[in-house]
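Residue-level structure breakdown
Listed below, chain by chain, are the residues.
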Number of protein chains: 2
Amino acid sequence: MTTSAAALDTIRFEVDRSLKEFVERQRPQLGVPEVAPLISAAEEFLAGGKRLRPAFCYWGWRGAGGDDDPALFTAAASLELLQASALVHDDVMDASDLRRGMPSAHRRFQALHEKADWHGSAEQFGEGAAILLGNLMLIWSGEMWRGSGLPPASLAAAQQVHDHMRTELMCGQYLDLLEQAHGENTFDSALRVALFKSGRYSVEQPLRLGLVLAARDRAPWIDRLCEEYGRSVGIAFQLRDDILGVFGDPAETGKPAGDDLREGKRTMLVARTLAVASPAQAEAVRGTLGDPALDAAGVDRLRQIIAETGALVACEEMIKNYLEDALTSLDHAPITEEARVALADLAVAATSRRT
Amino acid sequence: MTTSAAALDTIRFEVDRSLKEFVERQRPQLGVPEVAPLISAAEEFLAGGKRLRPAFCYWGWRGAGGDDDPALFTAAASLELLQASALVHDDVMDASDLRRGMPSAHRRFQALHEKADWHGSAEQFGEGAAILLGNLMLIWSGEMWRGSGLPPASLAAAQQVHDHMRTELMCGQYLDLLEQAHGENTFDSALRVALFKSGRYSVEQPLRLGLVLAARDRAPWIDRLCEEYGRSVGIAFQLRDDILGVFGDPAETGKPAGDDLREGKRTMLVARTLAVASPAQAEAVRGTLGDPALDAAGVDRLRQIIAETGALVACEEMIKNYLEDALTSLDHAPITEEARVALADLAVAATSRRT
């Protein structure tokens, strides 16, 4: 095991522990036993996960000279609450049934209603409860961040980045909705969605938060590194996500095969396919993309077209190039040697993952 | 015009101004012109409103010796962002078409989709965009609060109250969902929902925030006043809301007549009706409450039963008693004389309103 792989294990362990402790502390505060299902749902949603966002934050902190501080793990772990909130709301918005191979939050609350044979619409109850669960985790992410125990000067320096990241996340998700509704689905628009929807808040901003927390200042070299390394890895991260959404193994992704096709996601993969597709291929893609009833044979047909047009190979090539750019950008950044190695490893892990 | 009525006008003016400035500052930050509809929707949602929550916060602050500080208006105004967020999400959860006489946020975004003839489900787009709008306003409420310019010692003293209020709001809304789904609809359960869902975060917590911000300490007398005055006014406030939801004039409430009946809200009004209804009346209530297709004649029938059983008079009596308790609790609180008068006036305004 390499040093940074061992470090990633430590990060996961510490992040898991902080999240568990934080959520447990909420339980008695609430004062009414009936809200227990909200807490349990939050706990299950927060268990597991790759913890890549906390890892980028951690290595930003270490890279700018921060030492192994338990408070940093707490601050970094709060990013997982933000992400969990976004996923719960995302599943409501996309009407997705599954998340990591388990029922999505709104389906889970819907099942609670159905099993108990309560009044009214079980579906509406499930959606309402999931919206509230997402709100709770969104609120908690801010609370955990501020209450991490990091020095006030660090938190003050990073506050503007933290605020901006959260506003940007919501706007990025709105852009994604717009792109599905009336996007041109060009390379440019697909790239912009990849960057705003996920790239920036998955890689660039967590890294920036760690760097600024340790440096207590948003120095120009920090922005340069985040823009170069962060955006390259962020876009490649999202491109990998797009490929997994079409070609991923359900046993590993926990999502049905070809789910993104059924949801009509306008990704780079689709943009590249349409750009070089024959009229017949283009018609087949346009006619079935976004069809909620798309079956396994339909998914296979679309996969075949995406592969035949060379779009899959082209996207893999893009990921490779972005990764190379990212690794180059690390060469001259004034960060610690240990962080340089770890960030290189993380870039590879984030862009070659299978889940 | 009394002094405190004039003060309420000033509070409204300052709160409006702070909200407008805050949201305008977000606009250029976002960097992408397509998100403009989110900003516009936020602005329209934030315009108007009774500003009762900021007023309770303001008079808490003045009552504990705080002076006229523009930063306090900004902090108090942030409570309106929290409230707007809750209303936008509430309308999604209840599938409500109207809010203050205008289309609710999700219907507004749905109309944007329909008018432009975009792909996919306009309803799903509308709901997704409204969830994101609510999230944005939830995030902004915390950002505006922290960035108000109040002294760090004040904000630090009030932080725990602020955090708790937001968690409590989400849990209260979940309790409300549960009560509609399988509530016993007893006096006790109706009272608990009134308190958790709205009473605490509309009156008790805004008042507590103002007091603690000024005192920079959560003194026992503060908690006593908030529990006595805040809870009494809070419950009466929600009981008034329940009556308006059934008997309110649509021209004033901006909601269709009897909307709460159609949504099946399990209020004190309904609990009191069922407690003394004849078997035939009880059957009529149980059979139509929560029926989305309930027409004007059906609403009239239910209103008649609620009046005949004496439930309406009983609820008005409860409001009167809670109001008296609230006014009594002000007598011996160690607050400024000016605040005592203003809080008495506010209690009357909050519980006798027609919208």
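Within any chain, residue numbers begin from 1 and follow the written order of that chain's sequence. All chains are assigned letters beginning with A, and all ligands numbers beginning with 1, in the order in which they are written. For this predicted model, a pLDDT threshold of at least 70 governs which residues receive local features, and a threshold of 80 or more governs which side-chain atom pairs are given and counted, while totals over whole chains, interfaces and linings are taken from all residues. Side-chain metrics rest on all non-hydrogen atoms present in the structure, leaving aside hydrogens and water.

An unreviewed UniProt entry lists chain A under the name Polyprenyl synthetase, with Streptosporangium minutum as the source organism. UniProt positions are given in the numbering used here, feature names are shortened, and annotations may be inferred rather than shown by experiment. Its UniProt record gives chain A a comment under Cofactor (unreviewed entry), which states: "Mg(2+)". Regarding chain A, the UniProt comment filed under Sequence similarities (unreviewed entry) reads as follows: "Belongs to the FPP/GGPP synthase family."

What follows is about the overall build of chain A. Helical segments are the DSSP runs of H or I of at least four residues, strand segments are the runs of E of at least two, and each set is numbered from the N terminus. A count of helices and strands for chain A gives 16 helices and two strands. Expressed along its principal axes, the backbone C-alpha trace of chain A runs to roughly 60 × 55 × 35 Å. Buried residues in chain A amount to 61% of all 355 residues. Within chain A, one finds 37 positive and 52 negative side-chain charges whose respective centroids are separated by 1 Å. Only protein chains enter the accessibility calculation, which uses a 1.4 Å probe; a residue whose area is less than 20% of its type maximum is buried, one above 50% is exposed, and one in between is partly exposed. For the purpose of charge, His is not counted, nor are the chain termini; Lys and Arg are scored as positive and Asp and Glu as negative. Positions of charges follow a simple convention, taking NZ of Lys, CZ of Arg, CG of Asp or CD of Glu.

Let us now look at the side chain of His164 of chain A. Inspection of the secondary structure puts His164 of chain A in helix H7 (residues 152–182). Those residues in contact with His164 of chain A that lie beyond four places of it in its chain are Gln205 of chain A together with Gln29 of chain B. In this description, contact between two residues means that some pair of their heavy atoms is separated by no more than 4.5 Å.

Quick look at the relation of the copies chain A and chain B now. Put simply, the two copies of the chain differ by a rotation about an axis and a shift along that axis. Superposing copies: least-squares fit, C-alpha atoms only, residues required to have pLDDT of at least 70 in both. Between chain A and chain B, the superposition needs a rotation of 180° and an axial shift of 0.0 Å, giving an RMSD of 0.0 Å. Given the turn and translation reported, the copies of this chain are related as if by a two-fold rotation axis. Interface residue correspondence from chain A to chain B reaches 98%, placing this contact among same-surface, isologous pairings.

A separate point is unusual backbone geometry. Residue Asp117 of chain A is not a glycine yet carries a positive backbone phi of 55°. Tracing the chain through its elements places Asp117 of chain A in the loop between helix H5 (105–116) and helix H6 (122–146). One non-glycine residue, Ala95 of chain B, lies in positive phi territory at about 55°. With respect to the helices and strands, Ala95 of chain B occurs in the loop between helix H4 (70–94) and strand S1 (98–99). Here Ala95 of chain B falls in the partly exposed class, since its relative accessible area comes to 39%.

On to the packing of H7 of chain A against helix H8 (residues 187–215) of chain A. Two quantities define a packed helix pair, namely the angle between the helix axes and the distance between the axes. Residues and elements named next belong to chain A. Axis definition: a line fitted to C-alpha atoms, over the contacting stretch in the case of helices. Angles run 0 to 180 degrees between N-to-C directions. Where H7 contacts H8, the two axes come as close as 9 Å, and the packing angle between them is 165°. As summarised for this structure, H7 and H8 are arranged roughly antiparallel, according to the angle between their axes. As for the relative orientation of H7 and H8, their crossing is left-handed in sense. When an angle is under 35 degrees it counts as roughly parallel; over 145 it counts as roughly antiparallel; between 65 and 115 it counts as roughly perpendicular; any other value is oblique. In this scheme, a crossing is called left-handed if the near helix is turned counterclockwise away from the far one by less than a right angle; it is called right-handed if the turn is clockwise.

Right, let's get into the packing of helix H4 (residues 70–94) of chain A against H6 of chain A. Residues and elements named next belong to chain A. At a minimum axis separation of 8 Å, H4 and H6 run at an interaxial angle of 160°. Classified by the angle their axes make, H4 and H6 are roughly antiparallel. Considering only the axes of H4 and H6, their crossing is left-handed. For the pair formed by H4 and H6, the contact residues are Thr74, Ala75, Ala77, Ser78, Leu81, Leu82, Ala84, Ser85, Val88, His89 and Val92 on the first element and Glu127, Ala130, Ile131, Leu133, Gly134, Asn135, Met137, Leu138, Trp140, Ser141, Met144 and Trp145 on the second.

Looking now at the side chain of Thr309 of chain A. Residue and element names in this part refer to chain A. Note that Thr309 resides in the loop between helix H14 (296–308) and helix H15 (311–331). Pairing of N or O atoms within 3.5 Å defines a polar contact, subject to two protein rules: one partner must be a possible hydrogen donor and the other a possible acceptor, and residues neighboring in sequence count only if both atoms are side-chain atoms. Only 3.4 Å separates the side chain of Thr309 from the backbone nitrogen of Ala311, close enough to count as a polar contact. Those residues in contact with Thr309 that lie beyond four places of it in its chain are Thr273, Val276, Ala277 and Gln281.

Residue and element names in this part refer to chain A. Here Asp91 shows up in helix H4. Put simply, Asp91 and Glu127 are 36 residues apart on the chain and 9.5 Å apart in space, counted from C-alpha to C-alpha. In this structure, Asp91 is in contact with Ser96, Leu98, Arg99, Ser104, His106 and Lys255, ignoring residues within four places of it in sequence.

The definition of a nonpolar core used throughout is a set of buried Ala, Val, Leu, Ile, Met, Phe, Trp, Tyr and Cys residues joined through side-chain atoms within 4.5 Å. By size, the foremost hydrophobic cluster in this structure holds 185 residues, and its most contacted members are Phe56 and Tyr229 of chain A together with Phe56 and Tyr229 of chain B. Excluding its chain neighbours within four sequence positions, the residues that come into contact with Tyr229 of chain B are Phe56, Val203, Leu207, Ala326, Ser329, Leu330, Leu343, Leu346 and Ala347 of chain B.

Residue and element names in this part refer to chain B. For this analysis, a ring pair means two rings from Phe, Tyr or Trp (six-membered ring only for Trp) whose centres lie within 6.5 Å, classed as stacked if their planes differ by under 30 degrees, edge-to-face if by over 60, and tilted for the remaining angles. Applying the stated rule across the entire model yields 14 aromatic pairs over all chains. Plain terms: the ring middles of Tyr58 and Trp59 are 5.0 Å apart, the flat faces sit at 85° to each other, and that makes the pair edge-to-face. For the pair Tyr58 and Trp59, a shared accessibility class is recorded, and that class is buried. A ring is considered to have a charge above it if a Lys NZ or an Arg CZ atom is located within 6 Å of its centre and within 35 degrees of its normal. Sitting over the ring of Phe237, Arg353 keeps its end group 4.1 Å from the ring centre.

Residue-level contacts link 50 residues of chain A with 49 residues of chain B. The salt bridge criterion pairs a side-chain nitrogen of Lys or Arg with a carboxyl oxygen of Asp or Glu, the two atoms within 4 Å. Inspection of the region where chain A meets chain B yields four salt bridges. Here chain A and chain B share 14 residue pairs in polar contact (both at pLDDT 80 or more) between them. Those elements that place two or more of their residues in the side of chain A that touches chain B are helix H1 (3–30), helix H2 (36–46), H4, H5, H6, H7 and H8 of chain A. In terms of residue count, the dominant contributor to the side of chain A that touches chain B is H7 of chain A (15 residues). Gly is put with the polar residues, along with every residue not named as nonpolar or charged; the nonpolar set is Ala, Val, Leu, Ile, Met, Phe, Trp, Tyr, Cys and Pro, and the charged set is Asp, Glu, Lys and Arg. Looking at the side of chain A that touches chain B residue by residue, the class counts come to 27 nonpolar, 14 polar and nine charged.

All names here are of chain B. In a helix, the anticipated span is given by 1.5 Å times the number of residues less one. Given a rise of 1.5 Å per residue, 25 residues ought to cover 36 Å, and the 36 Å separating the end C-alpha atoms of helix H6 (residues 122–146) matches this to within 8%. Burial runs high along H6: 23 of the 25 residues are buried. The distance from a side-chain oxygen at the start of H6 to the backbone nitrogen of Glu123 is 3.3 Å, and the residue carrying that oxygen is Ser121.

Patch membership requires over 30% relative accessible area and the absence of a salt bridge. Like charges are linked within 9 Å, and nonpolar side chains (Val, Leu, Ile, Met, Phe, Trp, Tyr) within 5 Å. Each accessible area is a Shrake-Rupley estimate made with a 1.4 Å probe; only the visible protein chains count as cover when residues are assessed. On the surface, a cluster of negative charge is made up of Glu227, Glu228, Glu317, Glu324 and Asp325 of chain A. Taken together, the elements giving at least two residues each to the negative patch come down to helix H9 (220–247) and H15 of chain A.

This part covers the pattern of salt bridges. All chains considered together, the criterion is met by 61 salt bridges over all chains. Put simply, Glu204 of chain B and Arg200 of chain B hold a salt bridge, and the shortest N to O gap is 3.7 Å. Taken together, the residues Glu204 of chain B and Arg200 of chain B, both in helix H8 (residues 187–215) and four residues apart, mark about one turn of the helix. For Asp241 of chain B, the salt bridge is made with Arg353 of chain B, and the minimal N-O distance between the two is 3.2 Å. With Asp241 of chain B in helix H9 (residues 220–247) and Arg353 of chain B in the segment after helix H16 (337–352), this pair connects stretches of sequence that are 112 residues apart. We classify Arg353 of chain B as buried; its relative accessible area is 9%. Taken together, the shared-partner salt bridges in this structure form one network comprising Glu168, Arg200, Glu204, Arg208, Arg218, Asp223 and Arg231 of chain A.

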